[in-house]
Amino acid sequence: KYGILKSCEKRPVSVEQIEEIVAFIENEINKHYISEIETEKIGEMVMDKLKDVDEVAYVRFASVYRQFKDINTFVTELKNILMERED
């Protein structure tokens, strides 16, 4: 939850929206996974939800989660967001 809070800091994302993201992910995990889930899957779930709520928060979270190695990988991610937006 801390990573989501940090990525949404100073963004127009309410505490309620953050709680909804966390609750959704917890529910999905409880529905589909018995006892273990890879952290990568949780990170992807968080990014999917953040992308719908606030693109800047999504990029912030993704930059830490995916550990962008250089500016090119960061720019590539931004281009992907822009292309999805056009669809």
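Note that the structure is a prediction, hence the values are computed from the model and not measured.

**Student:** What am I meant to see in the pattern of salt bridges here?
**Tutor:** Side chains that carry opposite charge are capable of pairing whenever their charged atoms lie near each other. Evaluated as defined, the whole model comprises five salt bridges. K31 is the salt-bridge partner of E28, the closest N and O atoms lying 3.1 Å from each other. Linking E28 with K31, this pair stays in helix α2 (residues 15–32), spanning three residues, or about one helical turn. When its relative accessible area of 60% is taken as the criterion, K31 is described as exposed. A salt bridge links K51 to E84, with the nearest nitrogen and oxygen atoms 3.0 Å apart. Of this pair, K51 sits in helix α3 (residues 39–53) while E84 sits in helix α5 (residues 71–86), and the two are 33 residues apart along the sequence. What makes K51 partly exposed here is its relative accessible area of 22%.

Conventions we followed
- Residues numbered from 1 in each chain as written.
- Predicted model: local features only at pLDDT ≥ 70, side-chain atom pairs only at ≥ 80, totals over all residues.
- Heavy atoms only, no water.
- Salt bridge = Lys/Arg side-chain N within 4 Å of Asp/Glu carboxyl O.
- Helix = DSSP H or I, 4+ residues; strand = E, 2+ residues; numbered from the N terminus.
- Buried < 20%, exposed > 50% of the residue type's maximum accessible area, 1.4 Å probe, protein only.

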